[in-house]
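Coordinates in review
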Amino acid sequence: GMITGTPVQKTDVISYTVTAKNDVDETTRILNFSVRQVAPENLGFTDVSKVYFTGEPLSLVPAVTGLVNEWTVEPPLPAGLTLDHVTGQIGGLPSEVAEEKAYLVTAKNEEGEAQTSITFAIARAPPKNLDYPEAVPAYAKLRPVQLFPTVEGEVNEFKISPELPAGLTFDD
């Protein structure tokens, strides 16, 4: 007589008659219930950093209890980022610096909604992977040298330490 399982289909209120009997007699109970979708609950994002960088992939995946039919975010996300309206994932490549701001993410269905706020900023990416691919361990005296750097990201200035040998210059 135990009722178990996970309902997968919405229903209007239905009357179910349950009968328990033995060889002496029987008893009945009428159960009236419906199956409906519940409002989303417990919406959240884990591992949200305070700062993300321009040009670096960003992916924030929501966790939520219940079915979601619609996702929204306010105010609009920084340039280069989008909200996936099916999964609620926030992702992309931030393309512009943005001040720290709170974004209100809402998960909705016909029964209600759940909201959470995430706060982050977009900063200019630091330079990385500085290299001089043409560099060799030794250079001949009185022969010209030209070494061009490669680097990922924006650079405002270069510095070198200690000073280069006489005859070589460093363009900063």
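Residues numbered from 1 in each chain as written. Predicted model: local features only at pLDDT ≥ 70, side-chain atom pairs only at ≥ 80, totals over all residues. Heavy atoms only, no water.

1. A short note on the layout of surface pockets
Picture a little ball the size of a water molecule; that probe, rolled over the atoms, points out where space is still empty. Of the voids in this model, the largest pocket is the one considered here, and its volume is about 480 Å³. The wall of the largest pocket is formed by 16 residues, among which Tyr 132, Leu 147, Leu 164, Thr 169 and Phe 170 lie closest to the centre. The class makeup of the residues in the lining of the largest pocket is twelve nonpolar, two polar and two charged. (1 Å grid on protein atoms, 1.4 Å probe; cavity = no way out; pocket = protein on both sides within 12 Å on 5 of 7 lines; lining within 4 Å. Points joined across faces, edges and corners; volume = space filled by probe spheres on them. Nonpolar A, V, L, I, M, F, W, Y, C, P; charged D, E, K, R; others polar.)

2. Side note on the pairing of strand 10 (residues 98-109)
Where strand 7 (residues 70-74) lies against strand 10, five bridges are found, and the strand directions are antiparallel. By the bridge assignment, Thr 72 is partnered in strand 10 with Thr 106. Hairpin connection, strand 10 to strand 11 (residues 112-123): the antiparallel pair is bridged by two residues. (Pairing = 2+ DSSP bridges. Helix = DSSP H or I, 4+ residues; strand = E, 2+ residues; numbered from the N terminus.)

3. Quick look at the pattern of salt bridges
Inspection of the entire model under this criterion finds four salt bridges. As a salt-bridge pair, Arg 36 and Glu 111 come within 3.3 Å of each other at their nearest N and O atoms. Placement of Arg 36 in the loop between strand 2 (26-35) and strand 3 (41-45) and of Glu 111 in the loop between strand 10 and strand 11 is noted, with a sequence separation of 75 residues between them. Between Glu 56 and Lys 128 there is a salt bridge, and its shortest N-O distance comes to 3.6 Å. In this pair, Glu 56 is assigned in the loop between strand 4 (51-53) and strand 5 (58-60) and Lys 128 in strand 12 (residues 128-131), connecting sequence segments 72 residues apart. (Salt bridge = Lys/Arg side-chain N within 4 Å of Asp/Glu carboxyl O.)

4. Things to note about the side chain of Thr 54
You can see Thr 54 is positioned in the loop between strand 4 and strand 5. At a separation of 3.2 Å, a polar atom in the side chain of Thr 54 contacts the main-chain amide nitrogen of Ala 125. If we skip the residues at most four places from it in the chain, Thr 54 touches Pro 94, Ser 95, Glu 96, Val 97, Ile 122, Ala 123, Arg 124 and Ala 125. (Polar contact = N/O pair within 3.5 Å; in protein donor to acceptor, adjacent residues only side chain to side chain. Contact = heavy atoms within 4.5 Å.)

5. Observations concerning a nonpolar patch on the surface
A contiguous nonpolar patch, built from Ile 14, Tyr 16 and Phe 33 and spanning about 230 Å² of accessible area, is present on the exposed surface. In this structure, Tyr 16 sits in strand 1 (residues 11-21). (Patch = residues over 30% accessible without salt bridge, like charges linked within 9 Å, V, L, I, M, F, W, Y side chains within 5 Å. Areas by Shrake-Rupley, 256 points an atom, 1.4 Å probe, with all protein chains shown as cover.)

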